[in-house]
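This is what each chain is made of:
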Amino acid sequence: MWWLLLLLPSVHGAVYSNAKYWTELERHPMHTIEPITETVVSETLLRQWNYLKEICAGLPDDVKIHSFLDDDLRGTYVLAWASKSLELKNGTWYPTLHTPGYTSYDIIIGVNPAVPNGWHTRSDCRGISYRYDLGTVMLHELLHGIGISSSMTADYTLGYNFKSTCYPTHFDTLLEGVHGPVTDGCTYTGVPGETLFVNGVELYHPTPFVSGSSLSHHAYPGMVMYASLPPRTCMRLGSKEVQLLEALDVRCDPISSTSPATRLVPKMLVFLGLAWLAVL
């Protein structure tokens, strides 16, 4: 028998901007800002899910994902967050997207409706100028929904209770330090702040611990699963993301570590754009 738990957004993965990026966009106001709609958000979500499925053929066809514009994110640096449903199986929480017959949402994604200059929503990066790319942010949140996120808190407790018993998430069971595994059920056996990995990929683990970001992202700036995404950039799946997915038993086509995962519009071309991302 299996049991389900829908987790709150606050305990899952979020992706952030920061004051530097926010100010950069505000200093370059766009002449035209296209209002974002939930229809556009849903269309972007579907496009990015189909892109993921092209690379990772083992992902299901019937996943149920809900996205919406979250007004509570207005005035924050949070670009979006993701929550997912979990199945308790063999003493470990797993995402429900592979669970036949589950009728509720597997993944829920909330998007900030008020980023500076509005969202870039094209399927390519042309004309992005001084905007955030919605496709990049949705890809990031989908990867959280697939399972790239830790339940670890700032006091190094982990896991979720069912009937007074704590169980770890699948991702938590994969955490390793330089000397091997650092979790034993819901107990963290490592050293706070130490360098941690999943499948050889170093995780984002700053001091102090950042709830919603630490250990739910990797430590490689410029790639889509870093904790803070820059504007003016469109990112695709990279080799580090593929390694993390493979650790979660999601098989993907190999991606060269030198293949371009990011397109940053050069400043000298910004005028063409006018004609155009730290739980959880």
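Description of the structure in this document. (Residues numbered from 1 in each chain as written. Predicted model: local features only at pLDDT ≥ 70, side-chain atom pairs only at ≥ 80, totals over all residues. Heavy atoms only, no water.)

## Describing the packing of aromatic side chains
To describe a pair of aromatic rings, you give the distance between the ring centres and the angle between the ring planes. Tallying each qualifying case throughout the model produces seven aromatic pairs. Between Phe68 and Trp81, the aromatic rings sit 5.8 Å apart at their centres with planes inclined by 75°, giving edge-to-face as the arrangement. Of this pair, Phe68 sits in strand S3 (residues 65-69) while Trp81 is found in strand S4 (residues 78-89), placing the two residues 13 residues apart along the sequence. Following the ring pairs from residue to residue traces out a cluster consisting of Tyr156, Tyr188 and Phe209. The lysine or arginine in question, Arg236, covers the ring of Tyr51, its NZ or CZ lying 3.7 Å from the ring centre. In this arrangement the basic side chain of Lys240 is found over the ring face of Tyr220, its NZ or CZ atom lying 4.7 Å from the centre. (Phe/Tyr/Trp six-rings, centres within 6.5 Å; stacked < 30°, edge-to-face > 60°. Helix = DSSP H or I, 4+ residues; strand = E, 2+ residues; numbered from the N terminus. Lys NZ or Arg CZ within 6 Å of the ring centre and 35° of its normal.)

## Structural notes on the pattern of salt bridges
Inspection of the entire model under this criterion finds five salt bridges. Across the salt bridge formed by Asp124 and Arg122, the nearest N and O atoms sit 3.1 Å from each other. Arg122 gets classed as partly exposed once you look at its relative accessible area, which sits at 38%. Close ionic contact of Asp124 with Arg126 constitutes a salt bridge, the shortest N to O distance being 3.0 Å. Residue classification places Asp124 among the partly exposed positions, given a relative accessible area of 26%. Three or more residues are tied together by salt bridges with common partners; here these are Arg122, Asp124 and Arg126. (Salt bridge = Lys/Arg side-chain N within 4 Å of Asp/Glu carboxyl O. Buried < 20%, exposed > 50% of the residue type's maximum accessible area, 1.4 Å probe, protein only.)

## Description of helix H2 (residues 38-55)
The α-helix winds at 3.6 residues per turn, so residues separated by three or four positions along the chain end up facing the same way. The end-to-end C-alpha separation of H2 is 26 Å, in line with the 26 Å expected for 18 residues at 1.5 Å each. Summarising the contacts, the buried residues of H2 are in contact with S3, strand S6 (107-111) and helix H3 (134-146). (Expected span 1.5 Å × (residues − 1). Contact = heavy atoms within 4.5 Å.)

## Looking at unusual backbone geometry
Of note, the amide linkage connecting Thr207 to Pro208 takes the cis form, showing an omega dihedral of 0°. Within the secondary structure layout, Pro208 lies in the loop between strand S16 (201-202) and strand S17 (233-235). We note that Asp249 has phi near 70°; this positive angle belongs to a residue other than glycine. Along the chain, Asp249 falls in the loop between helix H5 (239-247) and strand S18 (262-264).

## Thoughts on the pairing of S4
For a regular strand, side chains alternate in direction, first toward one face of the sheet and then toward the other. Among the 12 residues that make up S4, 11 are buried, leaving the element largely enclosed by the rest of the structure. Across three bridges, the pairing between strand S2 (residues 14-16) and S4 is antiparallel. The residue bridging Val15 from the neighbouring strand is Ala80, located in S4. Pairing analysis gives five bridges linking S4 to S6, with the strands arranged antiparallel. (Pairing = 2+ DSSP bridges.)

## As for H3
Relative to the 18 Å expected for 13 residues at 1.5 Å per residue, H3 spans 18 Å between its end C-alpha atoms, a close match to the ideal helical length. Trailing H3 by a residue or two, Gly147 shows a phi angle of about 145°, which is positive.

## Quick notes on the pairing of S6
With five of five residues buried, S6 lies mostly within the body of the structure. Burial along S6 is two-sided: Ile107, Ile109 and Val111 facing one way and Ile108 and Gly110 facing the other are all buried. One ladder, built from five bridges, connects S3 with S6; its direction is parallel. Bridge pairing in S6 links His66 to Ile108.

## Focus on the state of the cysteines
The final tally for this structure, using the stated rule, is three disulfides. Across the disulfide, Cys56 is cross-linked to Cys252 (sulfur-sulfur distance 2.0 Å). Its S-S torsion of approximately 100° makes the covalent link between Cys56 and Cys252 right-handed. Note that Cys56 is positioned in the loop between H2 and S3 and Cys252 in the loop between H5 and S18, a separation of 196 residues in sequence. Take Cys56 and Cys252: they sit in the same class, and that class is buried. For Cys166, the disulfide goes to Cys186, at an S-S distance of 2.1 Å. Because the torsion about its S-S bond is -90°, the bridge between Cys166 and Cys186 counts as left-handed. Within this pair, whereas Cys166 is found in strand S10 (residues 165-167), its partner Cys186 is found in the loop between strand S13 (183-184) and strand S14 (187-188), the two being separated by 20 residues in sequence. Listing the disulfide partners of the protein by sequence rank of the bonded cysteines yields 1-6, 2-5, 3-4. (Disulfide = S-S within 2.5 Å.)

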